[in-house]
Every structure is written in C-alpha cells, then in structure tokens.
Amino acid sequence: MGYRFLQKLQYWMMGRNGTDQLSIALLIAGFVISLFSNFFWPLIFLSYAIYIWMLFRMFSRNLPARQRENQVFLRVWRPITQWFSFQRTRFRDRKLYRYFKCPHCGLRLRAPKGRGKIQVTCQKCHTEFIKRV
C-alpha cells in the first residue's frame, strides 16, 4: 500500500519544482520565526506566510521562474556560506598558517607560521611583497 502511494506521489510531482535550496531556507526561516512567535504572537502569521510561499514554490509548474528565484537566492547565499567556510578553515589552521590578502589584487594567501619575514609572490597578479609570518 505504501509503495503504491509513493508511486502516485512521484507521478503527481512530475513537472513540478520540488525542493531546492530556497525552499529549504524558507522552511528553516519559517521554523525559526515560529519559535520566536512564542514571545510575540503575531509572528505566527509571518511563519504561515513563509510556509505557504514554500509550498507554492514546491508545487509550482513554472520551472523557469522558480529556477530564477533560486539562482538569485544562491547569489546572495553562496558568499555568506563561503565566508563561514573560510573562517572555519582559518580557525582550524590557526597554529600552522597565517592568512593575509595580496595588497594589489586582494587574493587570499597563506604562509606557514614561524618563518619570520618572507617574500611572497601572489599567484594571481605576480606582485611581490614582504610579509611577517
């Protein structure tokens, strides 16, 4: 019985958007806002609106529009996740490496700690500068 239901659900979802990164972010945002609605009850209506928007996006058949929305979201979201990922890597390597930026092009570089003053050549713009590590 359960297998047949899943087949029907899969057939019904054909041609629909389904879940993507924006839908998952909306689900999490709705959940967080609903938690805060315990302190300020009108927020529950905002969380309901976010859930409805998420369901609308998931069941929509207008795939190009939903993909454009997701791409706009990812253009904003990716730099945030990349920054946090870099900070995690920087923290993990804090005893071994020193991170700095190229003064000319801004490329992130790293050098092993404990080497004193070294001459660094940027891999991107080939600018040479001296850095204390």
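Quick note: structure is the one above.
Remember, it's a predicted structure, so these values are computed and weren't measured experimentally.

Scanning all chains against the criterion turns up six aromatic pairs. For the pair Phe86 and Tyr99, a centre-to-centre distance of 5.3 Å together with 90° between the ring planes defines the contact as edge-to-face. Here Tyr99 lies in strand S1 (residues 97-101) and Phe86 lies in helix H4 (residues 63-92), a separation of 13 residues in the sequence. Taking relative accessible area as the criterion, Phe86 reaches 14% and is therefore assigned buried. Using a relative accessible area of 14% as the deciding quantity, one classes Tyr99 as buried.

A word on the pattern of salt bridges. As enumerated under the stated definition, the model contains five salt bridges in all. Taking the shortest distance from any N to any O, the salt bridge between Asp93 and Arg92 comes out at 3.6 Å. For Asp93, a relative accessible area of 10% translates into the label buried. Classification of Arg92 by relative accessible area gives exposed; the value is 58%. Put simply, Asp20, Arg57, Arg66 and Glu69 are held in one network by salt bridges that share partners.

Our next topic: unusual backbone geometry. One non-glycine residue, His126, lies in positive phi territory at about 60°. Within the secondary structure, His126 is located in the loop between strand S3 (117-121) and strand S4 (128-132).

How each quantity is defined
- Residues numbered from 1 in each chain as written.
- Predicted model: local features only at pLDDT ≥ 70, side-chain atom pairs only at ≥ 80, totals over all residues.
- Heavy atoms only, no water.
- Phe/Tyr/Trp six-rings, centres within 6.5 Å; stacked < 30°, edge-to-face > 60°.
- Helix = DSSP H or I, 4+ residues; strand = E, 2+ residues; numbered from the N terminus.
- Buried < 20%, exposed > 50% of the residue type's maximum accessible area, 1.4 Å probe, protein only.
- Salt bridge = Lys/Arg side-chain N within 4 Å of Asp/Glu carboxyl O.

None of this, on its own, says anything about what the molecule does.
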